[in-house]
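# Structure at a glance
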Amino acid sequence: MMTDLPQVSLLPDENRTTLFVDVILPVSVPNLYTYRVPLELNELVKVGARIIVQFGKSRVLTAVIAKIHQTPPEKYPAKYLLELLDEHPMVTGHQLELFSWMADYYMCCIGEVLNAALPSGMKISSESHLQYNPDFDSSIPLSDTEHLLLETIKKKQSLSYEEAASLVGQKHLYKIVKSLIAKQAIIIIEEVKEKYKPKIVKKIRLLEIYEQRDNLQALFQILDKKPKQLNILLKYLQLVPVLSNPVVNKEGVDKSLLTQDDASASSLKTLIKNKIVEEFEIIVSRFEEGSPVENYQLKLTDTQRQAADEILQWFKTKDTVLLHGITGSGKTEIYIELIKQVLDSGSQVLYLLPEIALTTQMVNRLRKIFGDSMGIYHSKFSDNERVEIWKGVLNGQYSFVIGVRSAIFLPFDNLGLIVVDEEHETSYKQHDPAPRYNARDVALMVAKKQYGKVLLGSATPSFESYYHARTSKYGFVKLDKRFGEAQLPEIVLVDTRMERRMKKIKNNFSTVLIEELRQNMENRQQSILFQNRRGYAPYIACEECNWIAQCQNCAVSMTYHLHNHELRCHYCGHTEKSPAVCPACGSTKILTMGYGTEKIEDELQLLLPHSRLGRMDLDTTRKKNAYQQIIEAFEAGQTDVLIGTQMVSKGLDFERVSLVGIFDADRIINFPDFRSHERAFQLITQVSGRAGRRDKRGKVIIQTANAGQPLLQNVIDGNYTGLYEKEMHDRKKYNYPPFCRMIRLTVKHVQHTLAEKAAAVLAGRLLEKLGMNRVLGPESPVVNRIRNQYLKDIIIKLEKDNINLKAVKEMIRNEMQEVCTQKEFRQVTIVADVDPL
DNA sequence: AGCACGCCGACT
DNA sequence: GTCGGCGTGCTC
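Residues numbered from 1 in each chain as written. Chains lettered and ligands numbered in written order. Predicted model: local features only at pLDDT ≥ 70, side-chain atom pairs only at ≥ 80, totals over all residues. Heavy atoms only, no water.

## As for the nonpolar core
Ile408, Ile418, Leu745 and Ile812 are the most contacted members of the largest nonpolar core, which has 112 residues in total. No other element matches helix α26 (residues 752-770), which puts seven residues into this core. Not counting the four nearest positions on each side in its chain, isoleucine 418 is found in contact with Leu350, Leu352, Ile408, Ala443, Val446, Ala447, Lys453, Val454 and Leu455. (Core = buried A, V, L, I, M, F, W, Y, C linked by side-chain atoms within 4.5 Å. Buried < 20%, exposed > 50% of the residue type's maximum accessible area, 1.4 Å probe, protein only. Helix = DSSP H or I, 4+ residues; strand = E, 2+ residues; numbered from the N terminus. Contact = heavy atoms within 4.5 Å.)

What follows is the structure in structure tokens.
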């Protein structure tokens, strides 16, 4: 009778220890949260494993364990964690360290970092399902909406919260559901399911007994009268020579190979039913496996070999090396050589590329060399595929990954080398949701933590990186010979003002450009036209009253798109039909002003009626595979001229392109930003590099209203360093990066005055702490209203040395917090962008 | 960021 | 009096 009590206390102490876990939630909350571990999981919880927790009243989230301890929280009782998802950690210690560093450095929440890092397939969704209670007393009166919802639930057996919400209209849902529960009409089930599903292929094989000749012969007899089934069997035997090699039968063939039509499918079904063949499933990787080409010999030129050696030499003393190699100098071969060496030494490699440069061309090329030990991490891939790469990196299946920005978050633990190709590319910086990180810079930190090296490569390095190379922070290798002695293109400036005055310009094409295009076409050569602006016209205006179509949510003009006659805001995505008459004065004289890729395409079709044109910009590549199709058509010579935005500027190497036309160079050059010249040089040089690859010297025609500007001369001469020196002089003088660190705070509010006021208060407080040399603004950005929110920028400039950066950022965060909690500024949001571009 | 709860005005 | 708007503060 007393036996029960002592038994409990006799249990070993360890088993009764109450454990708690501090977890990172993939949401925008500032702290870690503490949950209690159910006793039965005590042995199983691990730092880095994912768990399911209830967060708040109705949310169920996936969290990652950051710490396991025994200290119960003082101020609140900890909730139990609901479920442990991983036996083995999915997030490594290195990653946890990185997340926390990034949250500090980029002034965001660690949860926001986690959210960016984890592919959403690893963040389990909570779906509350509503179910009809069969014991419901239907005499209880219901409101109309309640009735509607209940009927739907009854009909569909079970309804997800979201489905119900869309049926009823989000805002009323909670109360209706609550009331239905109170009336015992429905029951709620919380359903958590894993999103990740491995790809499964259905296979067919012959039953084992038919691997024997006699049995198989007998089978033929049986099927003699059933030609369709026999047919399938013969087909199978053709693919799998069972008699000569019975072992191959084990692996079978893909079911899809045997079933081309319904008839064969049904015959196959009969074969399965009659126990002649069997169906089985295997889990496959989502990528076609390409085995490495045996004895692949990389042929480096002497120059390339020398550069590779130099890089290795530098790595002995520096963690980072900048490779400055002009377009067509064969940087990729050097990367490949180094990657192979690092992989051979047993370390992992990450090769980062900007999204638009991660082309099929590139992937196929690398696949041939590295086979299936190479993983591809691309945003165009589905979640399942991303999860597979993640797991593959963890379990060692992939020692080499080629990927875009977010690949920097993969769970490597032994990175020997990170290659950041086109390191100057702005797409390495994430702009919108936090964390506003730059993968190129994060790569340096990742490598440092794992004692790995970073190779930055570019034909036009960012001035920051070049500066670090010059000041010996990075090693530096220069490659200025084009592969196979190909010549740099000839660059011609066309003065559009002059041409316009002489009435030689047709629409937006100078006579020179149109003539070259015509000739190029006649010679069966291809051309690329670059205009860094999509749509037909950047704005439309009324000739009578000067009315301009503006976005209702943003302080920008609406871009006119000829396709479906639409006006579109490129900031918020708002669209409306283009008006036939001026909304202000009723005039029908509405003109399109300026020009984008769509208009160029339109005009060129008129000027060269027989030309076959392709256009590549955000509008034509939105659909899946559209990008690929446009490129393939161009590659196959089905298009004469490819017109496009930045998308055409990199990663595409075409043999027959010998002419590049650049429109409106001035707009690229005179962008109001301290980096505009650097950018213009990079962009124009990159686009020019598309002209003339091998034997033929290409030609580049730049249309400009100001042919005399020095920057264009720099471009013509390929004088990178000249521009660098000049720009550095200015940046030093006016204290811009790389001579300072910059942090931009953007204050947003729907009311202009409140945004202004809050920004002024914040700037004032920061000024007090940092002094007037370090705080600029508040200032209105060029586009001062986006999505109905007015914007005010405050720029903070901090010296690079002798400053406690962490403490200053902490202080800034506090001040932001302080301002936001003032009653007046409750609705104001402030975003911090560290190292903005 | 969500999301519930509460305090206010508009209408049955 | 109830419904539903929006402001406010919390989430282990």
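## Brief notes about the UniProt feature "binding site: Zn(2+) 2" (unreviewed entry) in chain A
On the UniProt side, "binding site: Zn(2+) 2" (unreviewed entry) is annotated at positions that read Cys551, Cys554, Cys569 and Cys572 here. The greatest C-alpha distance among the residues just named is 8.7 Å, despite their covering 22 residues of sequence, which places them together in space. Note that cysteine 569 resides in the loop between β23 (566-568) and β24 (575-577). With sequence-adjacent residues up to four places away left out, cysteine 569 is seen in contact with Cys551, Cys554, Val556, Met558 and His574. (UniProt positions renumbered as here; feature names shortened; annotations may be inferred.)

## Re helix α27 (residues 805-821)
Residues three or four positions apart in an α-helix share a direction because the helix packs 3.6 residues into each turn. Taking 1.5 Å of rise per residue, 17 residues should cover 24 Å, and α27 covers 24 Å from first to last C-alpha, within 8% of that figure. Among all positions in α27, only Leu805, Val808, Lys809, Met811, Ile812, Glu815, Met816 and Val819 are buried. Buried residues of α27, seen end-on, are gathered within an arc of 160° and therefore sit on one face of the element. Contacts made by the buried residues of α27 are with α3 (93-105), β30 (740-749), α26, β33 (789-799) and β34 (829-834). (Expected span 1.5 Å × (residues − 1). Arc of directions from axis to C-beta.)

## Some remarks on the sheet that holds strand β22 (residues 559-561)
Note: strands within a sheet are paired through backbone hydrogen bonds, in either parallel or antiparallel orientation. Pairing within the open sheet is antiparallel, and its three strands lie in the order β22-β23-β24. If you trace the sheet from one side to the other, it starts and ends with β22 and β24, each paired once. Direction aside, neighbouring strands of the sheet carry axes that sit 30° apart on average. Across three bridges, the pairing between β22 and β23 is antiparallel. When the sheet's bridge partners are listed, threonine 559 is paired in β23 with arginine 568. (Pairing = 2+ DSSP bridges. Axes fitted to C-alpha atoms, helices over the stretch in contact; angles between N-to-C directions.)

## With respect to unusual backbone geometry
Note the cis peptide between alanine 434 and proline 435, where omega equals 0°. Mapped onto the secondary structure, proline 435 falls in the loop between β16 (415-421) and α16 (439-449). A cis amide bond, omega 5°, links proline 737 with the succeeding residue proline 738. Considering the arrangement of structural elements, one finds proline 738 in the loop between α25 (720-733) and β30. Positive phi is not limited to glycine here, since aspartate 664 has a value of about 50°. If you check the backbone angles, aspartate 835 has positive phi at about 50° while not being a glycine. The residue aspartate 835 is located in the segment after β34 in this model.

## Topic: the packing of helix α17 (residues 463-470) against α25
Remark: α17 packs on α25, axes separated minimally by 11 Å, with the N-to-C direction vectors making an angle of 95°. Relative to α25, α17 is oriented roughly perpendicular. Contacts from Phe463, Glu464, Tyr466, Tyr467 and Arg470 in α17 reach Tyr720, Thr721, Leu723, Tyr724, Glu725, Glu727, Met728 and Arg731 in α25. Among the residues making up the contact of α17 with α25, the classes are represented as seven nonpolar, one polar and five charged. (Parallel < 35°, antiparallel > 145°, perpendicular 65-115°, else oblique. Nonpolar A, V, L, I, M, F, W, Y, C, P; charged D, E, K, R; others polar.)

## Here's the deal with the state of the cysteines
Evaluated as defined, the whole model comprises zero disulfides. With no disulfide partner, cysteine 572 has as its closest neighbouring cysteine sulfur the one in cysteine 551, 3.7 Å distant. (Disulfide = S-S within 2.5 Å.)

## Some points on the protein's contact with DNA strand C
In the neighbourhood of DNA strand C, the contacting residues comprise Tyr33, Thr34, Tyr35, Gln54, Phe55, Gly56, Tyr76, Ala78, Lys79, Arg826 and Gln827. Atoms of DNA strand C within 4 Å of the protein belong to the sugar or the phosphate in 55% of instances, the rest to bases. Within the backbone of glutamine 54, one N or O atom sits 3.2 Å away from a phosphate oxygen of DNA strand C. Between a base oxygen of DNA strand C and a side-chain N or O atom of tyrosine 76, the distance comes to 2.2 Å. Residue assignment for the surface near DNA strand C shows that the elements contributing at least two residues are β2 (33-36) and β3 (50-55). The element that contributes the greatest number of residues to the surface near DNA strand C is β2, accounting for three residues. (Near = heavy atom within 4 Å. Polar contact = N/O pair within 3.5 Å; in protein donor to acceptor, adjacent residues only side chain to side chain.)

## So, the confidence of the model for chain A
A residue-level look at chain A finds 89% of positions with pLDDT of 70 or above and a mean pLDDT of 85. Here residues 1-11 scores under 50 on pLDDT; set against residues more than four positions off or in separate chains, the count is two contacts. (pLDDT = per-residue confidence, 0-100.)

## Considerations on the pairing of strand β14 (residues 374-377)
It is a general feature of regular strands that their side chains alternate between the two faces of the sheet. Going residue by residue along β14, you find Met374 and Ile376 tucked away on one face and Gly375 and Tyr377 tucked away on the opposite face as well. In this sheet, strand β15 (residues 400-403) lies alongside β14 in parallel orientation, the contact comprising four bridges. Across the sheet, the residue bridging to isoleucine 376 is isoleucine 402, located in β15.

## Some remarks on the sheet that holds strand β13 (residues 348-352)
Across the sheet, seven strands lie side by side as β14-β15-β13-β16-β17-β12-β18; this open sheet has parallel pairing. Strands with a single pairing partner mark the edges of an open sheet, and in this sheet they are β14 and β18 (475-479). Mean inter-strand twist for the sheet, computed between neighbouring axes without regard to direction, equals 15°. Bridge analysis of β13 against β15 gives four bridges, and the strand direction is parallel. Across the sheet, residue leucine 352 finds its bridge partner in β15, namely glycine 403. Sitting on the sheet, helix α12 (residues 302-315) is in contact with β12 (320-325), β16, β17 (453-458) and β18, with an inclination near 175° to β18. Helix-sheet contacts for helix α13 (residues 331-344) involve β12, β13, β15, β16, β17 and β18, and the interaxial angle to β16 is about 170°.

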